[in-house]
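Okay, here's what each chain looks like letter by letter:
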Amino acid sequence: MTEHDDADVEQPTSKRFDVELFIVHPTVDPAEISIALGLDAKFAHRVGDQRKTPAGALLSGVYRDTRWRHSRRYETGDQWFADKVVDLIDRLEPHKEFLKKLTTTGGKACVIVQFLGDGYFGDEVPKDVLSRLADMELDLGIECFTVPQGAGGMRNIQVIDGAQNSTFSIFQATREEFALLFPEPQQDIQYAEDLALLSQQDEIDAACRRIWERPIRKRDALGIHGTLFYELERYKTYYRAKREDAIDPSAVNQAQRRLFEIAWPNRGEAAKLPKS
């Protein structure tokens, strides 16, 4: 669209989008990035720090690089977003030399526009703005998410953490992100400790950061497509095949065995309640 003419476009009352700056670097301290740019990080970890769950529980291994993300959310009733990209560029331009130093020392930086699935957006980023991005050696990224959960939509992942403050929260993942975390055929159970053993670690880490930004209320979730356990490897005793329908039959009641078509000797026992 070349003109701001949205008369024929039906608009919801409010739509959300984020404009972000995402930096990856092999050695720099995230605090140095925040100070140099005068921006707060929504998310950051330093190379060599211990890996953690979203709730703060420690995981095995350390982060292999520094990652820093600044994000600002906007709400609008129309379709336009380019002016907010310009706002961020205006703030970054005085720090052009620092950004160039990041890239020349092995890092990369990207301005990201993230559409959160609330409706239609359409705009143009002028070539002079793209030129300013290139001059600062910044990439431009676009991320689009869909909220509807029907076929082809989002996948809901319930996170069950061994930490005492675990809330058993549910987060949304795209089909591609879900496949990264649950890569085996029909898999719907995963352990955080096993994620660290998979290939594509950079993609998995990036997917997890996006997923943690998409919580959904339990009452709004249309099904749970996967369960992710943190610090609860003891459940491997029951979910040996990492599938709910392949659970150890001793852990579920008779109705669940019938549901999952799990064979179980008839011992004349009373129906067993599911384990909590």
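## Regarding helix α1 (residues 30-37)
Here is step 1: Those residues of α1 lying buried are P30, I33 and L37. Projection of α1 onto a plane perpendicular to its axis shows the buried side chains occupying an angular sector of 55 degrees, all on one side.
Here is step 2: Tucked inside the fold, the buried residues of α1 contact β1 (15-25), β2 (43-45), β5 (66-76), α2 (82-92) and α3 (96-104).
Here is step 3: The opening residue of α1 is D29, an N-cap whose side-chain oxygen sits 2.8 Å from the backbone nitrogen of A31.
Here is step 4: After α1 finishes, the residue G38 shows a positive phi value of roughly 70 degrees.

## Side note on the sheet that holds β1
Here is step 1: What the five strands build is an open sheet, ordered β2-β5-β1-β6-β7; its pairing is mixed. Each edge of the open sheet is held by one strand with a lone partner, namely β2 and β7 (139-144). Averaged over all pairs of adjacent strands, the angle between strand axes in this sheet comes to 15 degrees, irrespective of strand direction.
Here is step 2: Note: β1 against β5, 11 bridges, orientation antiparallel. Bridged to F22 within β5 is R69.
Here is step 3: Across the face of the sheet, α2 comes into contact with β1, β5 and β6 (108-115) while running at roughly 35 degrees to β1.

## Quick word on the packing of α2 against helix α4 (residues 127-135)
Two quantities define a packed helix pair, namely the angle between the helix axes and the distance between the axes.
Here is step 1: At a closest axis distance of 11 Å, the pairing of α2 and α4 adopts a crossing angle of 35 degrees. Crossing handedness for the pair α2 and α4: left-handed. Of α4, the residues touching α2 (which contributes V86, I89 and D90) are V129, R132 and L133.
Here is step 2: Taken together, the residues of the contact of α2 with α4 break down into four nonpolar, no polar and two charged.

## Thoughts on α4
Here is step 1: Buried within α4 we find V129, R132 and L133. Seen from one end, α4 has its buried residues packed into an arc of 100 degrees, which puts them on one side. Residues of α4 that are exposed and angled more than 90 degrees away from the buried face: K127 and A134.
Here is step 2: Where the residues of α4 are buried, they touch α2, β6 and β7.
Here is step 3: E137 occupies a position one or two residues after α4 and carries a positive phi of about 60 degrees.

## Quick look at the packing of aromatic side chains
Here is step 1: Enumeration according to the criterion identifies 10 aromatic pairs in this entry.
Here is step 2: A ring pair is formed by F17 and Y74, whose centres lie 5.4 Å apart and whose planes are at 25 degrees; its orientation type is stacked. One end of the pair, F17, is in strand β1; the other, Y74, is in strand β5, and 57 residues separate them in sequence. In this structure, F17 and Y74 share a single accessibility class: buried.
Here is step 3: Taken together, the aromatic side chains of F17, Y74, F81, F115 and F121 make up a single cluster linked through ring pairs.
Here is step 4: Directly above the aromatic system of F121 lies the positively charged group of K15, at a separation of 4.6 Å from the ring centroid.
Here is step 5: Lying across the ring of F22, R69 places its NZ or CZ 4.3 Å from the centre.

## Overview of the side chain of K15
Here is step 1: Looking at where K15 falls in the secondary structure, it is placed in strand β1.
Here is step 2: Summary of buried charges: K15 has no salt-bridge partner, and the nearest side chain of opposite charge, D78, is 6.3 Å away.
Here is step 3: One polar contact links the side chain of K15 to the main-chain carbonyl oxygen of D78, over a distance of 2.9 Å.
Here is step 4: Those residues in contact with K15 that sit more than four places away from it in its chain are Y74, E75, T76, D78, Q79, D118, G119, Y120 and F121.

Reading guide: rules and limits
- Residues numbered from 1 in each chain as written.
- Predicted model: local features only at pLDDT ≥ 70, side-chain atom pairs only at ≥ 80, totals over all residues.
- Heavy atoms only, no water.
- Buried < 20%, exposed > 50% of the residue type's maximum accessible area, 1.4 Å probe, protein only.
- Helix = DSSP H or I, 4+ residues; strand = E, 2+ residues; numbered from the N terminus.
- Arc of directions from axis to C-beta.
- Contact = heavy atoms within 4.5 Å.
- Polar contact = N/O pair within 3.5 Å; in protein donor to acceptor, adjacent residues only side chain to side chain.
- Pairing = 2+ DSSP bridges.
- Axes fitted to C-alpha atoms, helices over the stretch in contact; angles between N-to-C directions.
- Left-handed = near helix turned anticlockwise from the far one by under 90°.
- Nonpolar A, V, L, I, M, F, W, Y, C, P; charged D, E, K, R; others polar.
- Phe/Tyr/Trp six-rings, centres within 6.5 Å; stacked < 30°, edge-to-face > 60°.
- Lys NZ or Arg CZ within 6 Å of the ring centre and 35° of its normal.
- Lys, Arg positive; Asp, Glu negative; His and termini not counted.
- Salt bridge = Lys/Arg side-chain N within 4 Å of Asp/Glu carboxyl O.

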